[in-house]
Amino acid sequence: MLDNAAEGYVTADGRQIGPVVMEMRNITLRFGGVEAIKNISFDVREGEIRAIIGPNGAGKSSMLNVISGFYHPQDGEVFYRGSKRPPMKPFQVARQGIARTFQNIALFEGMSVLDNVMTGRLNHMKAGFLSQAFWWGKAQDEETINRQKAEEVIDFLEIQAIRKTPVGRLPYGLKKRVELARALAAEPQILLLDEPMAGMNVEEKEDMSRFILDVNDEFGTTIVLIEHDMGVVMDLSDRVVVMDYGKKIGDGTPDEVRSNQEVIDAYLGVAHD
Amino acid sequence: MPEQLVFAMEVTLNGLMTGVMYALVALGFVLIFKASGIFNYAQGVMALFAAMTLVGIQQGRVPFAHVINEIFGTDIHYFGWEVPALLAILLTVIVMIAFAYLVQRFVFKHLVGQEPIILFMATIGLAYFLEGVSDLMWGSEIRNLDVGLPQGINDWIDVTTFEALGYGFFIDNLDIAATLIAAILVIGLIAYSQYTKNGRAMRAVADDHQAALSVGISLNYVWVLVWSLAGIVALVAGIMWGSKSGVQFSLSLIALKALPVLMLGGFTSIPGAIIGGLIIGVGEALFEFAIGPMIGGATENWFAYVLALVFLVFRPQGLFGEKIIERV
């Protein structure tokens, strides 16, 4: 069993999966009288691609928002790198090395692609207030170094051609990619992707899948993603959590999940004929 | 050259320089509005407060002297030293940053996510509160402000224009200095917002709060930052207007002059604030020059507002403001 392998394991395609880096314990989230998440626990291992799937309104996005600090659960705990995480604001979570994208894309529309990606580097820039104000010393060096990092990410995601374009003018698929670039520029330990392929055509989906795999492979980034598209998820992820009406109804490898009767009834049975 | 045209040129030049002053006040509004959606009615009072503080520090006045004397039965007014202008400006900047922090910590932190009208009301409250504090701290007499800026007619321009046109222009050195300083300030602000970490964070917050949070930007920090910058801009505006006509409570009314500038330039555009200020400055000067005598003068009082009103009807987002497009 995977769960017993405390120190991790090696996947079929030869990637090293490490020990548990983040654990959600008995998370319950309510909005007024509505329970969006009901007592859910699962863990995320270092270096794996972990998917959360489920029908509309299952509470997937809410779960991602709990991880990234946008929502605070009424019950339950989040453990990150071995210790319990106190309630945090989203920017504090981001500073801990957890980057994210949004389902509806939250980019800085008025800024260029390069500037957007540079905002991902903010937490790596330490120059003081005065140094920045007078553009002297540390601030100047930092700008150069981080600019270089940003350019690397831009190359990696093959968006060099639109570096200077204001994001507001880009088509939807490219915006999604820019958002990924911004998250990647932060060199996160964990990357949270909220429906990275929603609204894309087949070709764009293939590109995005490739990038997700490449990121995981190249940088060893742990990825937690939410997705509707079943086929994509099964191909991409190492382990899958299935949610329905705020409850967890399945958790395991894609094969395990696929053969889980409850999952088939709740989700696959509806989605496929 | 016909005499009227020469006069008009002089009026235009002076109008441009007044416009720079308007622009400077409008700039403070734009900074805060862009980053937080707060229309800061207190911007004018901040200029007054900054100028008052500067004069107070410079002359070595004891803050809250009146209160202290009342309570302890003492009679102190001065520390007995004078602070050099540059140091006094630096100290005032620190006071304005402290003010920014306090405003964010005790007022706007508690109003996050409220309706714009509520935020606006809060700034009105803040304006009168600050006016009171300013009065209590430094007294309400008119003060002369002198930080060593040149004053009086610029001889070179006077002589040059006299030789060329047969009529010497009257351009105040103070206006020239103000224009230069304003230009440096604007270029500095733009460079700061384009090329530094904090500047980028500022633009990010102005663009999308949620996205800004997700890349690790603290909204609170950025808001303190923009209020500080607006405080510094207010100080510069306070110095300019204060050197011109003394530091007095009517200084806070320059905020009202910034309103038409904002309507013209758009509430979210720094270049808009500049151009808007220049248009209003020149427009009202020329109007007063050309039409004023026919209708009894004093058109400066209302011309700017009428111009802004016309603009509002035809281009509600201002010259450079973001276009208001709503999908149905």
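Up top you'll find the structure we're talking about.
Because the structure is predicted, anything quoted here is derived from the model rather than measured.

### As for the sheet that holds strand β11 (residues 239–244) of chain A
All names here are of chain A.
Thinking step 1. Taking strand neighbours across the sheet as the criterion, the six strands line up as β8-β9-β10-β5-β11-β12 in an open arrangement whose pairing is mixed. Each edge of the open sheet carries a strand with a single partner, namely β8 (98–100) and β12 (247–252). In this sheet, neighbouring strand axes are inclined to one another by 15° on average, regardless of whether the strands run parallel or antiparallel.

### Considerations on the sheet that holds strand β6 (residues 75–80) of chain A
In a beta sheet, neighbouring strands pair by backbone hydrogen bonds and run either parallel or antiparallel.
Residues and elements named next belong to chain A.
Thinking step 1. Overall, antiparallel pairing links the four strands, which are arranged β4-β3-β6-β7 in an open sheet. Each edge of the sheet is formed by a strand with only one pairing partner; in this case those strands are β4 (34–45) and β7 (83–84).
Thinking step 2. With two bridges connecting them, β6 and β7 associate as antiparallel partners. Across the sheet, the residue bridging to Y80 is S83, located in β7.

### Re the packing of helix α2 (residues 43–58) of chain B against helix α5 (residues 116–138) of chain B
Two measures define how a pair of helices packs: the angle their axes make with one another and the distance between the axes.
Residues and elements named next belong to chain B.
Thinking step 1. Relative to each other, α2 and α5 sit at 15°, their axes nearing to 9 Å. With respect to α5, the element α2 is oriented roughly parallel. The element α2 and its partner α5 pack so that their crossing is left-handed. Touching V45, M46, L48, F49, M52, T53 and G56 of α2 are A127, L130, E131, S134 and W138, all from α5.
Thinking step 2. Here the residues of the contact of α2 with α5 are counted per class, giving eight nonpolar, three polar and one charged.

### As for the nonpolar core
Thinking step 1. In terms of nonpolar packing, the biggest core is built from 159 residues, with B:A23, B:L24, B:A26, B:A47, B:A51, B:I217 and B:V226 touching the most fellow members.
Thinking step 2. Both domain 1 (2–97 + 188–271) and domain 2 (111–185) of chain A contribute no fewer than three residues apiece to this core.
Thinking step 3. If we skip the residues at most four places from it in the chain, B:I217 touches A:F91, A:L122, B:A201, B:A204, B:V205, B:A212 and B:V222.

What counts and how
- Residues numbered from 1 in each chain as written.
- Chains lettered and ligands numbered in written order.
- Predicted model: local features only at pLDDT ≥ 70, side-chain atom pairs only at ≥ 80, totals over all residues.
- Pairing = 2+ DSSP bridges.
- Helix = DSSP H or I, 4+ residues; strand = E, 2+ residues; numbered from the N terminus.
- Axes fitted to C-alpha atoms, helices over the stretch in contact; angles between N-to-C directions.
- Parallel < 35°, antiparallel > 145°, perpendicular 65-115°, else oblique.
- Left-handed = near helix turned anticlockwise from the far one by under 90°.
- Contact = placed C-beta atoms within 7 Å.
- Nonpolar A, V, L, I, M, F, W, Y, C, P; charged D, E, K, R; others polar.
- Core = buried A, V, L, I, M, F, W, Y, C linked by C-beta atoms within 7 Å.
- Buried ≥ 20, exposed ≤ 12 C-beta atoms within 10 Å, placed from the backbone.
- Domains from an automatic or database assignment.

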